[in-house]
Amino acid sequence: MSTVALLLNDAAGGAATPADFMAARQQMAFTLGFHIILASIGIGLPAITLLAEWRSLRTGDTVYAELARRWMKAAGVLFAVGAVSGTVLSFEMGTLWPGFMDKYGQVFGAAFALEGIAFFIEAIFMGIYLYGWDRLSPRAHFATGIPVVVAGLLSASFVVTVNSWMNQPRGFRLENGQVTDVDPLAAMFNPATPVQAVHLILASLMVCGFTVASVYAVALLRDRRAGRVDRYHRLGFAIPFSLGAVCAPLQVLVGDWAVRFVHDNQPIKFAAMEGVEHTEAGVPFRFAVFEIPNALSLMLKFDAGATLRGLDSFPADLRPPAEVVKISFEIMIAIGTALLALAAWWALAWFLRRRAAGRDGALAPRRDLPWHPWFLRAAALAGVAAAIAMEAGWTTTEVGRQPWIVYGVMRTEEAVNPNPGLRFGLYVVLVVYTVLAVATISVLRRMRRRPPDPSEASTPSPEPTEVGSPS
């Protein structure tokens, strides 16, 4: 790698042009943004699939089993596409950022190796699970899905350790510009790893839960217009939406942890996130057009008069693009708050239906409470909103670290490939990924059609016992 990097530097005069540098950043941002949504669904979809299969084993209800089959088939398609986009990202690390990989690959390389092992385990057991339907006993088949979930979580966690290391580099020393005394474990378990790993996993579960539920919310709206509420769609909505709803309040707590961590360890990023231009005491909380005097100091330091550092206390060449960081952070917060409110609406509907069922005895619980049209409309938008929040969060993390690729150690322009023509790679990636996205959506649309069930046409279904929804 070092020989290649030296040759590239010699050929290009040692530095990439501004256009190529920007193209490299845009290509990395685009491919990472594409992959992170697939990875999020890959983390959450096997989990809700196992939950549906577990309910099928407990109750003998074939609707749960049908949902599990459909969700895991979709997971298989998205896993294949995610493997492609993840492989592209791996190559981009070397082709776009050879300076980074050449110098520090030995520090964080162990995390990528472990991620590869977790990925292979996930792929193997996903194949067994997909082809094991009707070939294994029900309990054995369920057991083969557990490694898929565990390996998916481990794979995501190992990747996050690399990003967290880029924010809080540990596990090495620099002597005369050379990396020495490498400690891969110290690099992986750096101070940022716990908060970033938990934050990402919860965000991934929310994206998956709300995205899958949004598909069934649209179907439920169509059912209401037809004068019925199909049980298959109710259960298909209730399981993933409940997952997202449970994670939403947890993510608020973890988000507070993350913001405090950034303030303590990356104060310049914090100042950009919160729009703190000048160092001052009693800093107000500003959000869009709203401002609450002294609130930011109070929330952060539990002291309304506490002094917080502003962007003007840092050299201009070390400041990130503050407006981009602030806007992306506000988008993430706004959407997270809206999803929390939607989760609270779902919990309130659940409580009121339980209460109505208990009060009325044998009378059927009110069917309109959780399936109100406005709730379903909001839920139908929740999937896209959660994905946007995920992208905004990554923008805050990555852009907020600029101009560093490794915080405080290596600047991004030092890591980029100096070879000319990087922008042409961006054009190719845009075309290929557009085709890939269209093909994936087309396949998933074909898979969404539910085959007719003669038994449902002739015999009305009993009231369901729904996971996360009143019964």
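Structure shown above.
So, here is what we can say about the structure in this document. (Residues numbered from 1 in each chain as written. Predicted model: local features only at pLDDT ≥ 70, side-chain atom pairs only at ≥ 80, totals over all residues. Heavy atoms only, no water.)

1. Describing the overall build of the protein chain
1) Next: When its secondary structure is counted, the protein chain shows 15 helices and eight strands.
2) Next: For the protein chain, the residues scored as buried account for 49% of the 471 residues in total.
3) Next: Excluding contacts between residues fewer than 6 apart, the proportion of contacts in the protein chain whose partners are at least 24 apart in sequence is 80%.
4) Next: With the model as given, the accessible surface of the protein chain reaches about 22300 Å², and the carbon-plus-sulfur share is 67%. (Helix = DSSP H or I, 4+ residues; strand = E, 2+ residues; numbered from the N terminus. Buried < 20%, exposed > 50% of the residue type's maximum accessible area, 1.4 Å probe, protein only. Contact = heavy atoms within 4.5 Å. Areas by Shrake-Rupley, 256 points an atom, 1.4 Å probe, with all protein chains shown as cover.)

2. Quick word on the nonpolar core
1) Next: Formed by 72 residues in total, the largest nonpolar core has its most connected members in L45, W71, F237, F241, W346 and M390.
2) Next: If you tally residues by element for this core, the top one is helix α7 (residues 193-225), at 16 residues.
3) Next: Those residues in contact with F237 that sit more than four places away from it in its chain are A213, Y216, A217, L220, W346, W371, F375 and A379.
4) Next: Ranked by size, the runner-up nonpolar core spans 28 residues in total, among them V162, W165, M166 and V179. (Core = buried A, V, L, I, M, F, W, Y, C linked by side-chain atoms within 4.5 Å.)

3. A closer look at helix α4 (residues 98-131)
Side chains of residues three or four places apart in an α-helix project in the same direction, reflecting 3.6 residues per turn.
1) Next: Its 34 residues give α4 an end-to-end C-alpha distance of only 41 Å, which falls more than 12% under 50 Å, the value for a rise of 1.5 Å per residue.
2) Next: Bending of α4 peaks at approximately 85° at the position of G105. (Expected span 1.5 Å × (residues − 1). Bend = angle between axes of the 7 residues up to and from the residue.)

4. Examining the pattern of salt bridges
1) Next: This model, assessed by the stated rule, comprises 11 salt bridges.
2) Next: Here E175 ties to R173 by a salt bridge, and the two come within 2.6 Å at their closest N and O atoms.
3) Next: By relative accessible area, E175 is classed as partly exposed at 36%.
4) Next: Each of R173, E175 and D181 takes part in salt bridges that share partners, so that together they form one network. (Salt bridge = Lys/Arg side-chain N within 4 Å of Asp/Glu carboxyl O.)

5. Structural notes on the packing of aromatic side chains
1) Next: Tallied over the entire structure, the rule returns 24 aromatic pairs.
2) Next: In this structure, R377 packs its charged tip against the face of W374, placed 4.5 Å from the ring centre.
3) Next: Positioned over the ring face of W404 is R411, at 5.7 Å from the centre of the ring. (Phe/Tyr/Trp six-rings, centres within 6.5 Å; stacked < 30°, edge-to-face > 60°. Lys NZ or Arg CZ within 6 Å of the ring centre and 35° of its normal.)

6. Topic: the packing of helix α3 (residues 62-95) against helix α14 (residues 422-447)
1) Next: Axis separation between α3 and α14 bottoms out at 10 Å; the angle between their running directions is 170°. Classified by the angle their axes make, α3 and α14 are roughly antiparallel. Contact with α3, carried on its side by R70, K73, A74, V77, L78, V81, V84, S85, V88 and E92, involves V429, Y433, L436, T440, V443, L444 and M447 of α14 and no other residues of that element.
2) Next: Considered class by class, the residues forming the contact of α3 with α14 number 12 nonpolar, two polar and three charged. (Axes fitted to C-alpha atoms, helices over the stretch in contact; angles between N-to-C directions. Parallel < 35°, antiparallel > 145°, perpendicular 65-115°, else oblique. Nonpolar A, V, L, I, M, F, W, Y, C, P; charged D, E, K, R; others polar.)

7. Remarks on the layout of surface pockets
1) Next: If you add up the space inside the second largest pocket, you get close to 1200 Å³.
2) Next: Lining the second largest pocket are 48 residues, and of these H199, G255, F329, M332 and I333 sit closest to its centre.
3) Next: The set of elements that each furnish at least two residues to the lining of the second largest pocket consists of α5 (138-167), α7, α8 (231-265), α9 (267-274), β4 (285-287), α10 (295-301), α11 (322-360) and α12 (373-401).
4) Next: Residue contributions to the lining of the second largest pocket peak at 10 residues, all from α8.
5) Next: Along the lines of polarity and charge, the residues of the lining of the second largest pocket split into 29 nonpolar, 12 polar and seven charged. (1 Å grid on protein atoms, 1.4 Å probe; cavity = no way out; pocket = protein on both sides within 12 Å on 5 of 7 lines; lining within 4 Å. Points joined across faces, edges and corners; volume = space filled by probe spheres on them.)

8. Side note on unusual backbone geometry
1) Next: Across the junction of Q402 and P403, the peptide omega takes the value 15°, indicating a cis bond.
2) Next: Its place among the elements puts P403 in the loop between α12 and β7 (404-406).
3) Next: Non-glycine residue D134 carries a positive phi angle of around 65°.
4) Next: If you trace the backbone, D134 turns up in the loop between α4 and α5.
5) Next: For N294, which is not glycine, the phi torsion reads 65° and is therefore positive.
6) Next: Note that N294 resides in the loop between β5 (290-292) and α10.
7) Next: Under the relative-accessibility criterion, N294 is labelled partly exposed at 31%.

9. Here we look at the packing of α5 against α12
1) Next: For the pair α5 and α12, the least separation of the axes is 10 Å and the interaxial angle reads 40°. As for how α5 packs across α12, the hand of that crossing is left-handed. Taken together, the residues of α12 that come into contact with α5 (itself represented by N163, M166 and N167) are W394, T397, E398 and R401.
2) Next: Looking at side-chain class alone, the contact of α5 with α12 contains two nonpolar, three polar and two charged residues. (Left-handed = near helix turned anticlockwise from the far one by under 90°.)

10. What about α12?
1) Next: Here α12 is 29 residues long and its end C-alpha atoms lie 42 Å apart, about the 42 Å a rise of 1.5 Å per residue gives.
2) Next: A382 marks where α12 bends most, by close to 35°.

11. Focus on the side chain of T49
1) Next: In this fold, T49 is placed in helix α2 (residues 18-59).
2) Next: Those residues in contact with T49, other than ones at most four positions away along the chain, are A68, W71, M72 and Y129.

12. Describing the environment of Y427
1) Next: Position of Y427 relative to the elements: it lies in helix α14.
2) Next: Exposure remark for Y427: the relative accessible area of 45% places this residue in the partly exposed category.
3) Next: Y427 sits 400 residues away from Q27 along the chain, and the two C-alpha atoms are 8.7 Å apart.

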